[in-house]
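# A look at the structure
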Amino acid sequence: MDRKHLPIVVFWIAMIALPILSSIVAIMQLPQDAQIPMHWNAQGQVDRFGSPWDMLLVSFIMAACNSLLAVSYVFIDKLFDYGLVHGISRKASRPFLCGAAVVLLLIWVGILIFWLYQIGNTPI
């Protein structure tokens, strides 16, 4: 790997690792016996609580989504050559994939903030 590709490699490693790391940091902020709201009914009332470690499953799903975006980033030229990409130009595809990864990460951080807020406002 040459120096030209190093920033994008670091970017994708961060996009894959940060959902998991942010979950671990959030879990460490909670007391050991904390229960987090996991599901709300139609009236907005919590109807299922779970362990803070349940957040890790969702963070692994986010990391897997970002991994798929990273693989698409690497093989985007092949995907265009095989005719599998439509509706976006070759030039715009890589920035779009990077932007999608950032959006997924921001969504996950928002979910974590919401969970931490709910823990503080939900009687157990």
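Anyway, here's the lowdown on the structure attached to this text.

What follows covers the overall build of the protein. A count of helical and extended segments in the protein gives four helices and two strands. Ordering the α and β elements of the protein from the N terminus gives α-β-β-α-α-α. In terms of C-alpha radius of gyration, the protein reaches 18 Å, well past the compact-globule figure of 14 Å for 124 residues. Counting only C-alpha atoms, the protein reaches 55 × 35 × 15 Å along its principal axes. A total of 124 residues make up the protein; the buried ones form 30% of that total. Within the protein, residue pairs in contact and separated by at least 24 positions form 65% of the contacts whose partners lie at least 6 positions apart. Per element, the accessible surface of the protein, about 8100 Å² overall, is 69% carbon and sulfur.

Time to look at the nonpolar core. With 15 residues, the main nonpolar core has Leu30, Ile36, Met55, Trp108, Leu112 and Trp115 as its most contacted residues. Listed by contribution, the elements that provide at least two residues to this core are helix H1 (6–28), strand E1 (36–40), helix H2 (55–74) and helix H4 (90–121). Ignoring anything within four residues of it in the chain, the contact list for Leu112 reads Ser22, Ser23, Ala26 and Met55. Grouped together as the second largest cluster of nonpolar side chains are 12 residues, Leu69, Ala70, Val85 and Leu105 included.

In this section: the packing of H1 against H2. Their axes nearest at 9 Å, the elements H1 and H2 cross at an angle of 175°. By the angle between their directions, the pair H1 and H2 is classed as roughly antiparallel. On the side of H1, the interface is formed by Ile8, Trp12, Met15, Ile16, Pro19, Ile20, Ser23, Ile24, Ala26 and Ile27, while H2 contributes Met55, Leu56, Ser59, Phe60, Met62, Ala63, Asn66, Ser67, Leu69, Ala70 and Tyr73. Classifying every residue of the contact of H1 with H2 by side-chain character gives 17 nonpolar, four polar and no charged.

For the rest of this paragraph, the subject is H2. For H2, spanning 20 residues, the distance from its first C-alpha to its last is 29 Å, which sits close to the expected 28 Å at 1.5 Å a residue. Here H2 has its buried residues at Met55, Leu56, Ser59, Met62, Ala63, Asn66, Leu69, Ala70 and Tyr73. Down the axis, H2 shows its buried residues gathered within 130° of arc, on one side only. Away from the buried face of H2 by more than 90 degrees, exposed residues Leu57 and Leu68 are located.

Let us now look at the pairing of E1. The pairing of E1 with strand E2 (residues 46–50) spans four bridges and is antiparallel. When the bridges of E2 are listed, Trp40 appears paired with Val46. The antiparallel pairing of E1 with E2 creates a hairpin that spans five residues between the two strands, and Gly44 there sits at a positive phi of about 85°.

Conventions we followed
Residues numbered from 1 in each chain as written. Predicted model: local features only at pLDDT ≥ 70, side-chain atom pairs only at ≥ 80, totals over all residues. Heavy atoms only, no water. Helix = DSSP H or I, 4+ residues; strand = E, 2+ residues; numbered from the N terminus. Rg over C-alpha atoms; globule rule 2.2 N^0.38 Å. Buried < 20%, exposed > 50% of the residue type's maximum accessible area, 1.4 Å probe, protein only. Contact = heavy atoms within 4.5 Å. Areas by Shrake-Rupley, 256 points an atom, 1.4 Å probe, with all protein chains shown as cover. Core = buried A, V, L, I, M, F, W, Y, C linked by side-chain atoms within 4.5 Å. Axes fitted to C-alpha atoms, helices over the stretch in contact; angles between N-to-C directions. Parallel < 35°, antiparallel > 145°, perpendicular 65-115°, else oblique. Nonpolar A, V, L, I, M, F, W, Y, C, P; charged D, E, K, R; others polar. Expected span 1.5 Å × (residues − 1). Arc of directions from axis to C-beta. Pairing = 2+ DSSP bridges.

Don't take any of this as a statement about function, it's just geometry.
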